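Report on the structure
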Amino acid sequence: MPDNKRNYKICSDEELIAFFQKEDIDAFNEIVDRYKDKLVNFIFRYTGSKEESEDIAQETFIKLYLNKKLYRDIAKFSTWFYTIALNITRTYKKKESKISTISISDYDPEHDKDFDIRSTVRNPEEEAGSVVESDYIQKAINSLEENFRAIIVLRDIEELEYEEISEILDIPLGTVKSRINRAREKLKDLLKDIYREN
Amino acid sequence: MNEEEKYKEIRDKLKKLPKIKASENFNINLKQKINLAESKITGKELHKELTKKREDNLINKILGSTTRPWLIPAMSMIVIIFVILIFVYKTRDVQDIPIITQEKSEQQITSAPTTTSETEKPKEKQEQIAKVEEKEDKKTETKMPAVKTSGTLRSTDEVRQAPTLPPAETDNIKVQTKTKDAKGTMREEGEKVGTDELGKMPETKEEKKSEKSTIKKDTSKVKMKLILTEEEIKSIRDSVEKK
């Protein structure tokens, strides 16, 4: 039973999942509040679709809700949770690729006009310029190979540790480092090409 | 660290990317989806429970385990025995088939030349011949050595079947034929047979005639019962004529 005096804001992720494993729904709600934006952002940057990112994020939370007892206090909760999210996203994209043969690189920036972008104190011109630039970057990320895209998003956008990325992608630490550098190099080249085109 | 500095520009660009927020309806939608998923799971569980109950009811109806629990092992034993019987019956059938065919083939091979009726007939013939010979022997009273065909000779069928006669029998026949024709020279050859077997020589004409008749009969028997070579038959005839 949930403890009314419990302050969930102070609790760590591992503590929250432990409470949730004891049927504490408030702990689950706290996890949702903490991770929903992170997860939607991660999935959006990985897939390039706002609708898909919300659906996949919700599916990830449902998985967590139904399989809460599968978590063991061996790894960090965030690592385990990102792994679930990435697996669901990959299967989602596989299913999607079977249904339609349209490439992900056909990303239309106008389609995502109603993004709820975090408010920053910028003048309209600057903001317009940054939106255009972010679209270009997103386009470049989408044109990356799947392995490079995942590693770039996890490291340079979500700012996860190398060890965490190693666990999520299930690859050695050295491979993570080398692959990140190669991904950055590729992204740099892609961005150059995009800037030239525009 | 050098690698990090090398890509600092691109890293900064990626960090500056606007953070996408979840929509305001995210939590509500999530709760709805969770409820739906739970209801599906509970539905599945309920369905499983219902099917289990139905199966249990069926089993109970069949076996009546609640009222007569002793029926379960008894029924199972009957089923097991029935299965074993079927298995044994089938395996027997499978084993019997080749044996039957083998037996049939063997019968086909053996029964072609001789049948039981055919084998019985020579015995009767032999017996009849033996009786006739005994009568003839009594008549002649062994003035000449009797041709002992009854013991040694076989029926024509038997002889035909047998590819070659055993050496002892053939010798005996030859000896017997020699005793018939060469009375003077017999003594030389008679050493093989023995003088006792030769018996007394005929003296009177009547006795000679009767002897000739018996010899003729004997030769005819030999012709009938044995497949002798033409040379042997000629030699027998010559000896009879000489006599």
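Structural data are supplied above this passage.
Remember, predicted model here, so these are calculated numbers, not experimental data.

With respect to the overall build of chain B
Scanning chain B from terminus to terminus reveals 12 helices and zero strands. In chain B, the succession of α and β elements from N to C terminus is α-α-α-α-α-α-α-α-α-α-α-α. Relative to its 243 residues, chain B shows a buried fraction of 21%. Long-range contacts, defined here as pairs at least 24 residues apart, represent 65% of the contacts in chain B between residues at least 6 apart. As displayed, chain B has an accessible area near 19,100 Å², and 56% of this comes from carbon and sulfur atoms.

Here we look at a positive patch on the surface
Residues and elements named next belong to chain A. The grouping of Lys63, Lys94, Lys95 and Lys98 at the surface amounts to a positive patch. The greatest single-element share of the positive patch, amounting to three residues, is contributed by helix 4 (residues 77-99). Note on placement: Lys98 falls in helix 4. Given the relative accessible area of 73%, Lys98 is considered exposed.

A short note on helix 6 (residues 146-157) of chain A
Residues and elements named next belong to chain A. Across its 12 residues, helix 6 extends 15 Å between first and last C-alpha, which sits within 8% of the 16 Å expected from 1.5 Å per residue. With 10 of its 12 residues buried, helix 6 lies for the most part within the structure. Restricting attention to buried positions, one finds in helix 6 the residues Phe148, Arg149, Ala150, Ile151, Ile152, Val153, Leu154, Arg155, Asp156 and Ile157. Following helix 6 by one or two positions, Glu159 adopts a phi angle in the positive range, close to 55 degrees.

Reading guide: rules and limits
- Residues numbered from 1 in each chain as written.
- Chains lettered and ligands numbered in written order.
- Predicted model: local features only at pLDDT ≥ 70, side-chain atom pairs only at ≥ 80, totals over all residues.
- Heavy atoms only, no water.
- Helix = DSSP H or I, 4+ residues; strand = E, 2+ residues; numbered from the N terminus.
- Buried < 20%, exposed > 50% of the residue type's maximum accessible area, 1.4 Å probe, protein only.
- Contact = heavy atoms within 4.5 Å.
- Areas by Shrake-Rupley, 256 points an atom, 1.4 Å probe, with all protein chains shown as cover.
- Patch = residues over 30% accessible without salt bridge, like charges linked within 9 Å, V, L, I, M, F, W, Y side chains within 5 Å.
- Salt bridge = Lys/Arg side-chain N within 4 Å of Asp/Glu carboxyl O.
- Lys, Arg positive; Asp, Glu negative; His and termini not counted.
- Charge placed at Lys NZ, Arg CZ, Asp CG, Glu CD.
- Expected span 1.5 Å × (residues − 1).

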